[in-house]
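Chain residues, written in single-letter form:
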Amino acid sequence: MLLTLLIALMLASIALLGALDVWALQRQRLQEEELLFVGNQYRLAIQRYYRIGRVLPMSVDDLLEDKRFPVPLHHLRRAYPDPMTGKNDWLFLRYGDRIFGIYSSSTAAPVRHANFPRRYADFVDAKTYGDWQFFYRPPGSRIRGANGLTAPSSLDAVPGLPGPSGPSGRSGSLTSASPFAQSGGF
């Protein structure tokens, strides 16, 4: 009788561990969906900010409350935390002192590798969530992504953007415009 109880407990433990793995995978998939939504919200906010004043924002605060006009505009409802880390620790894609995109600080490997909206088709090859870059590249600009993909290098013709001031890097001066700038999708 005692042996049967021990075997039943062992089998129940194994089943519970399997269920925890499935739950963790489902949770990660939900976080990925939220990352796609939140990243796109930041991209759209940067796009709206630029289209209204032909200059990129300097910070997330500019997206939350655009004080360039008598009545402040709100391009972003709130400063969303990074769904993968749970913190507001986004890394920014910058050109000079201006922000043109964001990406996660998470170095975890994504579960999802297919069925992205067309705008984010290059996410298929991402090794980490940090490779999922959400950005707005102004018309005529040639900003390069932090991962070095696509987009030639000069922004001289883009109004409101200062020239590059220092070496390229993930969060430095000429730091990115993502390769995912096709239209469509979100």
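For clarity, every value in this text was computed on a predicted model and none was experimentally measured. (Residues numbered from 1 in each chain as written. Predicted model: local features only at pLDDT ≥ 70, side-chain atom pairs only at ≥ 80, totals over all residues. Heavy atoms only, no water.)

*Asks:* Pulling in residues and values, what's your account of the packing of aromatic side chains?
*Replies:* Summed over all chains, the structure comprises twelve aromatic pairs. Here the aromatic rings of F100 and F135 are separated by 6.3 Å at their centres, their planes lie at 85°, and the arrangement is edge-to-face. Residue F100 is found in strand β2 (residues 98-103), and its partner F135 is found in strand β3 (residues 133-135); the two are separated by 35 residues along the sequence. F100 sits in the buried class, given a relative accessible area of 0%. Taken together, F116, Y120, F123, Y129, W132 and F134 form an aromatic cluster joined through their ring pairs. (Phe/Tyr/Trp six-rings, centres within 6.5 Å; stacked < 30°, edge-to-face > 60°. Helix = DSSP H or I, 4+ residues; strand = E, 2+ residues; numbered from the N terminus. Buried < 20%, exposed > 50% of the residue type's maximum accessible area, 1.4 Å probe, protein only.)

*Asks:* Mind laying out the environment of M84, listing which residues take part and the relevant values?
*Replies:* Inspection of the secondary structure assignment puts M84 in the loop between α2 (60-64) and β1 (91-95). Here M84 falls in the buried class, since its relative accessible area comes to 15%. Distance from M84 to S106, taken between C-alpha atoms, is 6.3 Å for residues 22 residues apart in sequence.

*Asks:* Would you mind going over the sheet that holds β3 in detail, with residue names and values included?
*Replies:* Strand order across the open sheet formed by three strands is β1-β2-β3, with antiparallel pairing between neighbours. Looking at the sheet topology across the chains shown, the edges are occupied by β1 and β3. When strand polarity is set aside, the average angle formed by the axes of neighbouring strands in this sheet is 35°. As judged from the five bridges shared by β1 and β2, these two strands associate in the antiparallel manner. Within β2, the residue paired with Y95 across the bridge is R98. Running at roughly 25° to β3, helix α1 (residues 2-53) makes contact with β2 and β3 of the sheet. (Pairing = 2+ DSSP bridges. Axes fitted to C-alpha atoms, helices over the stretch in contact; angles between N-to-C directions. Contact = heavy atoms within 4.5 Å.)

*Asks:* Explain the side chain of R43 to me, and be specific about the residues and the numbers.
*Replies:* Note that R43 resides in helix α1. One buried charged residue, R43, forms no salt bridge at all, with the nearest opposite charge on D122 at 13 Å. A polar contact is formed between the side chain of R43 and the side chain of N40, at a distance of 2.9 Å. (Lys, Arg positive; Asp, Glu negative; His and termini not counted. Salt bridge = Lys/Arg side-chain N within 4 Å of Asp/Glu carboxyl O. Polar contact = N/O pair within 3.5 Å; in protein donor to acceptor, adjacent residues only side chain to side chain.)

*Asks:* Go over the nonpolar core, please, and point to the residues and values.
*Replies:* Among the nonpolar cores identified, the biggest contains 32 residues, and Y42, W132 and F134 are the most heavily contacted of them. Residue assignment for this core shows that the elements contributing at least two residues are α1, α2, β1, β2 and β3. Of the residues forming this core, the biggest block, eight residues, is contributed by α1. (Core = buried A, V, L, I, M, F, W, Y, C linked by side-chain atoms within 4.5 Å.)

*Asks:* Could you give an account of the side chain of H75, with specific residues and numbers?
*Replies:* Among the secondary structure elements, H75 is positioned in the loop between α2 and β1. Residue H75 is classed as buried on the basis of its relative accessible area, which comes to 5%.

*Asks:* I'd like a rundown of the pairing of β2, residues and numbers included.
*Replies:* By the criterion of burial, β2 is predominantly enclosed, with six of the six residues buried. Hairpin connection between β1 and β2: a loop of two residues separates the two successive antiparallel strands, and G96 in this loop has a positive phi of roughly 65°. By the bridge criterion, three bridges tie β2 to β3 in an arrangement that is antiparallel. Looking at β3, one finds that G101 is bridged to F135.

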